Every structure is written in C-alpha cells, then in structure tokens.
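The lines below spell out each chain.
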Amino acid sequence: NYNTDMITQLKKKIGGEKVEQIASLTIHPTEDCNLSCQHCSYAEKRMKVEMSDEIIDAVTQQDPMYTCIVGGGEPTYLKDPNRFSELLSRFPDSKVYMLTNGMTVPDKPEIWVPKFDFIRVSLDAGSRETYKKVKGEDHYDLVRSNILKYLDLGVNRVGISIVAQKNLMGEI
C-alpha cells in the first residue's frame, strides 16, 4: 500500500534512520511555458531552461515511490517532443503525478500513460470568456479537448484545478 509505505518512510526519516527510498520527488523539467497566466508567480522569472541530463540522472538514482512533475513553466512544453517520454522512462518504479495547463498532450502515450497515477489540468475557468481573461489567450476548447484525450488514452485519473480568484467565484 502506497500510503503505508510513505508513512513508514516518514517515520524512519523523523526517527533518524536511513531511508532506503524517498517517498516523493518533485521535478520541474522546464521553466518555459506556452501561456502567460495572470496569477502565475513564475511569469516574470521565466527562462527557457530545461532540466539537464546530469540532474535527471541524480534524481532518478533516488528511486522515488512517487514523482510529481510540475514546473515554473509547463512540464510538457519541451524543445524536443521525445524528451517528456524519455524523462518518464527514467522512473521505472515510480508512480507519477503531473500538473499541466493542458495545452499539449505529449507524444508516445504508450510510454507515459502507464506511468501516470493522476494528471491535474489547470483549467482555471468555467467559461471561455474567463479563460481568456485568466490565461491571456483563448485555448479553452483545446484544453477541454485535451482533458478528454488524456482520459481516452487511459490515464487513471484526470482532474481539473481552478486557482481561486475573486473574478472566478461565480464559476467554481
């Protein structure tokens, strides 16, 4: 059981014992993004930087039970479209969770779909008009379509998140 394993590992860590495997690892594969959301705390600091192979090699050696893929950018927005699948293949025993803006669905689903336990899409709106205000562009239908595509591809669980903002209160 995943939760029991995590609790056991946490108790060992707190008790000062050596931990054989870390419970959770969060990685930011890129700082680049394909949107300019009004609420994004990374927007002004954004750089076109991707995680190096050296760093990926170091983190994969940690053999995490669970890997969270997020970013100061969009984790699926990588220069090389094969990079996403390559990154996930380096975590053979880890369940993966991802937070994405839903603008793209990575190539090679046969590699990454089985890895995902959960994908959360940051829709941030309940209507096209609000989406455009929050995200700066109108990709509402594309993101909704990609949410369905993730489900059709067989991702176990797909969720939608909305950043609570005053102008969204009537849409939540």
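Let us look at the structure shown here.

Here is what the cut-offs are and how they apply
- Residues numbered from 1 in each chain as written.
- Predicted model: local features only at pLDDT ≥ 70, side-chain atom pairs only at ≥ 80, totals over all residues.
- Heavy atoms only, no water.
- 1 Å grid on protein atoms, 1.4 Å probe; cavity = no way out; pocket = protein on both sides within 12 Å on 5 of 7 lines; lining within 4 Å.
- Points joined across faces, edges and corners; volume = space filled by probe spheres on them.
- Nonpolar A, V, L, I, M, F, W, Y, C, P; charged D, E, K, R; others polar.
- Helix = DSSP H or I, 4+ residues; strand = E, 2+ residues; numbered from the N terminus.
- Buried < 20%, exposed > 50% of the residue type's maximum accessible area, 1.4 Å probe, protein only.
- Polar contact = N/O pair within 3.5 Å; in protein donor to acceptor, adjacent residues only side chain to side chain.
- Arc of directions from axis to C-beta.
- Contact = heavy atoms within 4.5 Å.
- Pairing = 2+ DSSP bridges.
- Axes fitted to C-alpha atoms, helices over the stretch in contact; angles between N-to-C directions.
- Phe/Tyr/Trp six-rings, centres within 6.5 Å; stacked < 30°, edge-to-face > 60°.

1. Some remarks on empty space enclosed by the protein
And step 1. Enumeration over the complete set of coordinates arrives at one cavity of 30 Å³ or more.
And step 2. By volume, the largest cavity is sized at about 40 Å³.
And step 3. Forming the boundary of the largest cavity are P29, E50, M51, I56, L78, R83 and L87.
And step 4. Class assignment for the residues of the lining of the largest cavity results in five nonpolar, no polar and two charged.

2. Notes on the side chain of T100
And step 1. Note on placement: T100 falls in strand β3 (residues 95-100).
And step 2. Residue classification places T100 among the buried positions, given a relative accessible area of 2%.
And step 3. Polar side-chain contacts of T100 include one of 2.5 Å to the side chain of E74.

3. Points about helix α2 (residues 53-60)
Because an α-helix packs 3.6 residues into every turn, residues spaced three or four apart end up facing the same way.
And step 1. Within the sequence span of α2, burial applies to I56, V59 and T60. Buried residues of α2, viewed axially, fall in a sector of 100°; they line one side.
And step 2. On its buried side, α2 packs onto β1 (24-27) and α3 (83-89).

4. A few points about the sheet that holds strand β4 (residues 116-122)
And step 1. Here we have five strands laid out as an open sheet, ordered β1-β2-β3-β4-β5, and parallel in their pairing. The open sheet terminates on both sides in strands that have one partner only, identified here as β1 and β5 (158-161). In this sheet, neighbouring strand axes are inclined to one another by 15° on average, regardless of whether the strands run parallel or antiparallel.
And step 2. The pairing of strand β2 (residues 66-69) with β3 spans four bridges and is parallel. Within β3, the residue paired with Y66 across the bridge is K95.

5. Observations regarding the packing of aromatic side chains
Pairs of aromatic rings are described using the distance from one ring centre to the other and the angle between the two planes.
And step 1. Enumeration according to the criterion identifies six aromatic pairs in this entry.
And step 2. For the ring pair F84 and F116, a centre distance of 6.3 Å and an interplane angle of 10° mean the geometry is stacked. Taken together, the residues F84 in helix α3 and F116 in strand β4 connect sequence positions 32 residues apart. In terms of burial, F84 and F116 fall into one category: buried.
And step 3. Summarising the aromatic geometry, the rings of W112 and F116 are spaced 5.6 Å apart at their centres and angled 80° between planes, so their arrangement reads as edge-to-face. F116 matches W112 in its accessibility class, with the two residues each being buried.
And step 4. The rings of F84, W112, F116 and Y150 are connected pair by pair, giving a single aromatic cluster.

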